[in-house]
Amino acid sequence: MKKFRKVLDGLTTSSPGGTLGSPSYSSAAGTPTASTPREIDVQETLVSENFQLCKTVRHGFPYQPTALAFDPVQKIVAIGSRTGGVRILGRPGVDCYCHHETTAAVLQLQFLINEGALVTACADDTLHLWNLRQRRPAILHSLKFNRERITFCHLPFQSKWLYVGTERGNTHIVNIESFVLSGYVIMWNKAIELCTKTHPGPVVHLSDSPKDEGKLLIGFESGTVVQWDLRMKKVDFRIYYDEAIHSVSWHHEGKQFMCSHSDGSLTLWNQRNTARPFQITFPHGKIQKDGRKESCKPILKVEYKTSRNSEPFVIFSGGLSYDKAGRRPTLTIMHGKAITVLEMDHPIVEFMVLCETPYNNEVQEPYAVVVLLEKDFIVVDLTQSNFPIFENPYPMDIHESPVTCTAYFADCPPDIIPILYSIGAKHKKTGFSQKEWPITGGTWNVGSQTYPEIIITGHADGSIKFWDASAITLQMLYKLKTSKVFEKPKPGEVRGGDLVEEDPYAVQMVSWCPQSRIFCVVGISAHIILYRFSKYEANTPIVSLEVRLQCDTEEVLSPSETENQPCFPEPGSHSPVQASPGSGASEGVKDSIPCLKVKERPVRVPPGYQAELVVQLLWVDGEPPGQITSLDINSAYGLLAFGNSNGLAVVDYLQKTLLLCLSTLDLYGAADPYQRLTRSPRKNRQSTSDFCMRGLSSFYSDSKKRIRTSYQSLTELSDNQQSVDMERSKSPTSDHVNGHCTSPTSQPCSAGKPRIPIGPEGSRLTRRGPGRPPFRKAQSAACMEISLPVSHTEGSRENSFSRSRSSSVSSIDRETKEAVTTLQFGESYGRKGDAQPTPCLWVGTSLGVVLLIPMSVPTEEEERLEEPVTIGPGGAVLLMKGSILRLAFLDLAGAIIPGPHEVWRDPNGPEDPDRPRRRKLINFSPWSSQDGCAEGHLAVVCSERQAKVLLMPSQACLFVHNITESSFVLRADVVTACNSVCLACFCANGHIMT
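To start, this report covers the structure provided alongside it.

Basis of the calculations
Residues numbered from 1 in each chain as written. Predicted model: local features only at pLDDT ≥ 70, side-chain atom pairs only at ≥ 80, totals over all residues. Heavy atoms only, no water. Helix = DSSP H or I, 4+ residues; strand = E, 2+ residues; numbered from the N terminus. Contact = heavy atoms within 4.5 Å. Polar contact = N/O pair within 3.5 Å; in protein donor to acceptor, adjacent residues only side chain to side chain. Phe/Tyr/Trp six-rings, centres within 6.5 Å; stacked < 30°, edge-to-face > 60°. Buried < 20%, exposed > 50% of the residue type's maximum accessible area, 1.4 Å probe, protein only. Salt bridge = Lys/Arg side-chain N within 4 Å of Asp/Glu carboxyl O. Arc of directions from axis to C-beta. Pairing = 2+ DSSP bridges. Axes fitted to C-alpha atoms, helices over the stretch in contact; angles between N-to-C directions. Core = buried A, V, L, I, M, F, W, Y, C linked by side-chain atoms within 4.5 Å. Patch = residues over 30% accessible without salt bridge, like charges linked within 9 Å, V, L, I, M, F, W, Y side chains within 5 Å. Areas by Shrake-Rupley, 256 points an atom, 1.4 Å probe, with all protein chains shown as cover.

**A closer look at the environment of lysine 144**
Tracing the backbone through its elements, the reader meets lysine 144 in strand S8 (residues 138-144). When the C-alpha atoms of lysine 144 and aspartate 125 are compared, they prove to be 6.0 Å apart, with 19 residues separating the residues in sequence. Leaving out residues up to four positions away in the same chain, lysine 144 has contacts with Asp124, Asp125 and Thr126. Within the structure, the side chain of lysine 144 is placed 2.5 Å from the backbone oxygen of aspartate 124, a separation counted as a polar contact.

**Re the packing of aromatic side chains**
All chains considered together, the criterion is met by 21 aromatic pairs. Ring centres 6.3 Å apart and planes at 90° place the aromatic pair phenylalanine 390 and tryptophan 437 in the edge-to-face group. Within this pair, whereas phenylalanine 390 is found in the loop between strand S27 (377-381) and strand S28 (403-410), its partner tryptophan 437 is found in the loop between helix H2 (416-425) and strand S29 (453-459), the two being separated by 47 residues in sequence. Owing to a relative accessible area of 6%, phenylalanine 390 belongs among the buried residues under this scheme. Exposure remark for tryptophan 437: the relative accessible area of 9% places this residue in the buried category. Taking the centre distance of 5.7 Å and the plane angle of 5° together, the rings of phenylalanine 466 and tyrosine 609 count as stacked. Here tyrosine 609 lies in strand S39 (residues 608-617) and phenylalanine 466 lies in strand S30 (residues 463-468), a separation of 143 residues in the sequence. Judged by its relative accessible area of 4%, tyrosine 609 is buried.

**Quick notes on the pattern of salt bridges**
A full pass over the atoms with the stated rule returns 25 salt bridges. Here aspartate 973 makes a salt bridge to arginine 886, at a shortest N to O gap of 2.7 Å. You can see aspartate 973 sitting in strand S57 (residues 969-977) and its partner arginine 886 sitting in strand S51 (residues 884-890), a full 87 residues away along the chain. A network of salt bridges, in which partner residues are shared, links Asp212, Lys215, Arg231, Lys234 and Asp236.

**Quick word on H2**
Among the residues of H2, Ile416, Ile417, Ile419, Leu420, Ile423 and Gly424 are the ones counted as buried. Taken down its axis, H2 places every buried residue within 165° of arc, on the same side. Contacts made by the buried residues of H2 are with S29, S30, strand S31 (475-481), strand S32 (507-513), strand S34 (527-534) and S39.

**Thoughts on the sheet that holds strand S21 (residues 299-305)**
Reading across the sheet, the four strands line up as S21-S22-S23-S24 and stay open at both edges, with antiparallel pairing between neighbours. Looking at which strands have only one partner, the edges of the open sheet turn out to be S21 and strand S24 (338-343). Averaged over neighbouring strand pairs, the angle between their axes works out to 15° when direction is ignored. As paired elements, strand S23 (residues 330-335) and S24 share six bridges and run antiparallel to each other. In the sheet register, isoleucine 333 faces S24, and the bridge partner there is threonine 340.

**A few points about the pairing of S51**
S51 sits mainly inside the fold: five of its seven residues count as buried. In this structure, S51 lies alongside strand S54 (residues 937-943), joined through six bridges in antiparallel fashion. Considered in S54, the bridge of isoleucine 884 is made with serine 943.

**Structural notes on the sheet that holds strand S58 (residues 980-987)**
Taking strand neighbours across the sheet as the criterion, the three strands line up as S57-S58-S59 in an open arrangement whose pairing is antiparallel. One side of each edge strand has no neighbouring strand; the edge strands of this open sheet are S57 and strand S59 (992-993). In this structure, S57 lies alongside S58, joined through eight bridges in antiparallel fashion. The residue bridging threonine 976 from the neighbouring strand is valine 981, located in S58.

**Observations regarding the side chain of aspartate 834**
By the secondary structure assignment, aspartate 834 is in the loop between strand S46 (820-828) and strand S47 (838-845). For aspartate 834, the side chain forms a polar contact with the main-chain nitrogen of glycine 830, separated by 3.2 Å. In this structure aspartate 834 touches Tyr829 and Pro953, once residues within four positions along its chain are discounted.

**Quick notes on the nonpolar core**
The biggest cluster of nonpolar side chains holds 35 residues, and the ones touching the most others in it are Ile454, Ile456, Phe466, Trp512, Phe519 and Tyr609. If one sorts the elements of this core by residue count, H2 sits on top with five residues.

**Quick notes on the environment of alanine 939**
In this fold, alanine 939 is placed in strand S54. It is 9.8 Å that separates the C-alpha atoms of alanine 939 and proline 953, two residues lying 14 residues apart in sequence.

**Focus on a nonpolar patch on the surface**
Together, Leu970, Phe986 and Ile992 make up an exposed nonpolar region whose accessible area comes to about 290 Å². Within the secondary structure, phenylalanine 986 is located in strand S58. Residue class for phenylalanine 986 comes out partly exposed when judged on its relative accessible area of 36%.

Bear in mind that shape data such as this cannot, by itself, settle questions of function.
Written out as structure tokens, the structure reads:
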């Protein structure tokens, strides 16, 4: 049996630092500490037999549909596609996809009515007979036509003969039981008169006469129609018309039939007089002033259906006049003298009228029309005079607006699906038919899994859809429009690149905490919207936070130029949090403005997800903000972290303040793993004080502040009056100088333009709350010197791995733009010697570096809303090949540690004086005494090429696995399978590896 290689294979070892490979990064060299267990024994239970790829279901609309069929007894529909796929649909939940061995387009479908079988005619001139009576439909027989091309097929109800028309004008007859040609061929030259000098064209129609199933009506493209007597092997009658025929339809009595033509006309023929049509109509052709008819488009298909209690229905597609340019595709319903034109959003591929009887010689009694469009599937109710459409129960509208991101959640809280459904049901469109969906065939067995699954899709128009994926069929639960948060921009007002202007609200990323129901959306215009869920409607202003996160690599001072100049921010200096749009924008150059404008007035929002906070990145010196590349939210901490190619920001969404705003380079402190060489000094563009006023958006100025100011002198308030004054006047952003950040409640935010003061006025000193240890001095923060990267050869440093897929990217570009690619909040150990876990933020970058930032978060509710959250100095933990994709935490037994979260409570619910509403936190306490974390934990880190397992708090690397050399990993996640844990990876070469 092949040993199944897993990322966690090497965890059964007694030596955390030894046998399994030494750490690849010097600072991770760990030895077992006092709190490290002597033996880590992870029970490996997964084997390769646990993993079997099984196709379950295809969600969404069939791609490039070409054909349609309906079984009127079993009430199931089949749809064929251009790539050889067949989708079979019945009642909601009955959904089956099967595919031919070739990719030839499906030209036509014919059900063996009420027999559980289907005939498909494909573009490679092959007929296939499918057996639908088994769980997975399969082909029983195939029949290839070598010398002729198939153009039309017809299988009469309860007949064993399949009629096949060809491009040469011949008709072949196939025995449906043995699926072989019978040898009976109706040759085109026998069907037409001998005196006819031209070929009649391909066969475009075949049908049996309702009066006599031994008579076959054959329609040729040129306009000739022949009734052939199958027993006597001769022609009963021929008709000739000078316009090409597209389709033919019988009256149920078998005395009349109707033809549709290429000039937009319908002709009605009577068998007693075949010399000329009994009636000619141009339904959409008006008579012009000169007396001539308007020229019309072809009528591609007509159906002529009778009804007992009313006039017959004539239903057709096409036939509009040519003069109306830009008209949408139409389906026309003629009922007596009334003509109803139904406009469609997409071109019509095929339509079928659904009737009460499968017999073609009975009164048809049509009750609905199934219309297959290029990108939609609709059913029209014929029993009501306004012809409403039925509400489609299949998830056909997944790509109503193109899907731009997806997220999958299993084992959600059991109450979340019913509550989303009940809220979503209130927003459903009206005007649908009140009748039940008419396609009711098949039986639906609920799948074996019973856990709730939700799929979230983000779309190009800014909409979000929540889908219930627990059963076979996706069911839309709830739809959210993120664009409603913003003012509608005037043409050309969207301030972003071409991509942003086309779809300014397109969703790039979502983060959802099902337990607290907090939901975060990242948009293409460098914005983040935080939503809370409420069962009550609300009327509240949306708080807006504007963040300046830009890496100004050009404006660099040489160290000597500012040697003796203190770099403390002066009053009125630029802070990363901006007050209002346009502040400080110079004429002509876009600066300090967001891409979109948040609504300023309070907005009435219905029950469901309600926007509470919008974070927007700003333009800097004419440069648009970099798009957000990573996001994580933690409801227990009340924190939101996001990063892009310039740096990292952390927002306290409870206090609505910005805690941290640093360039990626500044995250390293002195422990930068890359030897970034100094660039020759440039002439200073600005005075030092002006440059310092630029605040923290410039990583160099920030590093200079760190160099000049000792971390300790600010944490332990010295007697020096200057440092005390500075401490008092400090904004939360000016404290980033020191590697720890505070969130004073006086931090101003902008809700549109007016500032909303939060909490009591006035800055407060950095206080240490009870149970929050003082953070130690940053690693040589006071003497840290960061020089900028310059281009140098790959060979000059052993530890760096090329991130670039293209050899033309110079190392200067590669190193200057180090993006934050993944973020993960969790209870961990901020430093090697820590005895107890604390709240931490793990950061992964595009250069393969993993950083760890410890935090101090007040636990009491009152304290949490008033006390500042303190962020300690971080350090690099690990260096890996390729961009970091995923971080996860396991306990020492190898089980996933669930992250801390808040239990949901309705923000707009009525207050109960006896039971005040309090935050209820799970897996989060002053000392995080979770069983899984008390003695340490494992951290799994996955990059594009590698996976490593670390033991915390020693940071020893226990295990390394090179996932791929020839490709790279696109997505990775640590998942539970068969009560064990594995790392699942999706590679760029299409492989899924576990």
